[in-house]
Each structure stands twice: as structure tokens, then as C-alpha cells.
Amino acid sequence: ENPQQKVAMLMLCAISNLEWDIQACLVSSGDVGCGTFQCFNNNSCDIQGLHHICLTLLHNAGRYDSQGKSYVKDALRCMALGLRQRISCVNRRCSAVKDMIYSLQRECYSRHQLCLALRQHMDTMGSLVQFHLLFPPGPYVELVNFLLSCGDEARSWVGRKLQTQCSQHWGELCGSFSSTCPFGQLDHSLNSSNLSIPAPIVPGPSYHTTEAPELEGRSIPNLVENETESTFTKLNVTSS
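Below: a short report on this structure. Values in this document were obtained by computation on a predicted structure and should not be read as measured data.

### Points about the overall build of the protein
Of the regular secondary structure elements, the protein holds ten helices and zero strands. Its helices and strands in sequence order give the protein the pattern α-α-α-α-α-α-α-α-α-α, from N to C terminus. The proportion of buried residues among the 240 residues of the protein is 46%. Taking contacts inside the protein between residues at least 6 apart in sequence as the whole, the part at least 24 apart equals 76%.

Dropping the structure here:
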């Protein structure tokens, strides 16, 4: 075999092992809690965030009214069931797995009216709007895009939170970007796979928040180490 064939075989084996590992985990995960989402942690496709989103929503469930709890639990149940059903049918490429996850997020959040939960409980949902969790692009970006599509009030609220957090870590640099591209008035024509925001020039302080559980399996400084482009692009938005 020539070197190119060997590389191709190794990549095929890695993809096959990834799919088998995720499928095996999904089969053994329970129907209650966030076990299903944990199956996507620490894999070669670098799909991070689903488990932490679930933990954060459940952690704050006591603050919702009965209707809000129903919205959140139904959306999580929809996600868990969809992941189990679709993983075996999706193309084995990491990009295809990610696209399936993002599509399922949009479908479940919309079907189970997560926008209504946000409008009724903005302070509680605020623990999910964290600027540093947008790196690298993944499920958190898709979630924030969805929240930005929940109407003018929600879009302005999410935009203000992101702007404040960005300014805390990047200072005037972030402010100069926002003057031409306000977070509350973002381009509706982009999709999450195109998001690219550079890392701060000087490493900032620890980004841990007390509002939500710590993100398992992720080192915060590493979230931005691969973002080397110096051009600030706009956060994308899924239109409501």
C-alpha cells in the first residue's frame, strides 16, 4: 500500500470507530437525564456542548413554572430520541454528524416552543448565553442563534449579554467591532458553520460562571487556541 492509501484506511477506521462508539453509548444510555448527550463528549469530531446544555437546563428547571418545565423537558426528550434514531442513518463524516445535530436542535427547539420558555424566564435562560462557550462553533452557537430568532425583545436581550461579556474580556477591541456589527443586529443570512471569531490577543481570566454547571471535559483556554484568524466575522442567526 502507498502512503496515501494507508492514510485513507486510517481515516476510515477512525470514522467507523467514532460511529460505533457513539452508537454503543446511545444504546446503553438511559431515557432520563442527560446520559444520551454525554455520548457526544470527548470524541474525535470534537462535538462539545450538548451535555452541558442539558445539565444547565435541568439544573435550572426548578425556576420555571409548570409550562416552562414542559417546554424544556419536551425539547430535551425530542433531542435525545432524535439522536438515537438518526445517528445510524447519517453519513459517517464528522461534518455530516454535526449537521444532523444542528438540524435536530433547530427542529426540537422550534417544535417544543423553547422561545416561549425564554420569553417567560429570561433571567433563568441567561445561564446558557455565555460568550466564551461560542468557541469553537458547535451546539452552543446553534442554541444562541435560535434564541436570537425569538423576537425583538429576546434578540436585544441576548445581544446585550453577549456584548457585555465580550467587552469584559476584550475591552475596547470588542467595542470597536460592535460599533459596526452590533450583536443585537446580526446577519440573518449566515449559518453556524461559518462563524469565526479570533481569540483575544492577550489570554483573559478564567471564564467559569456560577450560573451553570462547569463544562465537562473542556479546558477553557483551549476553546480559542485554534481561532487564529484576525478578521472578526458576524455571529450568524437563524431567522424566526
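### Let's talk about helix α8 (residues 139–148)
The buried fraction of α8 is high, at ten of ten residues. Taken together, the buried positions of α8 are occupied by Pro-139, Tyr-140, Val-141, Glu-142, Leu-143, Val-144, Asn-145, Phe-146, Leu-147 and Leu-148. Contacts from the buried residues of α8 go to α3 (50–59), α5 (94–111), α6 (114–120), α7 (122–125) and α9 (152–170).

### Some points on the pattern of salt bridges
Enumeration according to the criterion identifies five salt bridges in this entry. When the shortest N-O distance is used, the salt bridge between Arg-86 and Glu-107 registers 2.9 Å. Here Glu-107 lies in helix α5 and Arg-86 lies in helix α4 (residues 66–86), a separation of 21 residues in the sequence. Looking at Glu-107, the relative accessible area reads 27%, which means it is partly exposed.

### With respect to the state of the cysteines
The full count for this structure, using the stated rule, is six disulfides. Between Cys-25 and Cys-39 runs a disulfide, and the two sulfur atoms are separated by 2.1 Å. Where Cys-25 bonds to Cys-39 through sulfur, the torsion about that S-S bond is close to -80 degrees, and the disulfide is left-handed. Here Cys-39 lies in the loop between α2 (35–38) and α3 and Cys-25 lies in helix α1 (residues 3–28), a separation of 14 residues in the sequence. We classify Cys-25 as partly exposed; its relative accessible area is 28%.

What counts, and at which threshold
- Residues numbered from 1 in each chain as written.
- Predicted model: local features only at pLDDT ≥ 70, side-chain atom pairs only at ≥ 80, totals over all residues.
- Heavy atoms only, no water.
- Helix = DSSP H or I, 4+ residues; strand = E, 2+ residues; numbered from the N terminus.
- Buried < 20%, exposed > 50% of the residue type's maximum accessible area, 1.4 Å probe, protein only.
- Contact = heavy atoms within 4.5 Å.
- Salt bridge = Lys/Arg side-chain N within 4 Å of Asp/Glu carboxyl O.
- Disulfide = S-S within 2.5 Å.

Without other data, these values stay purely geometric and don't point to any function.
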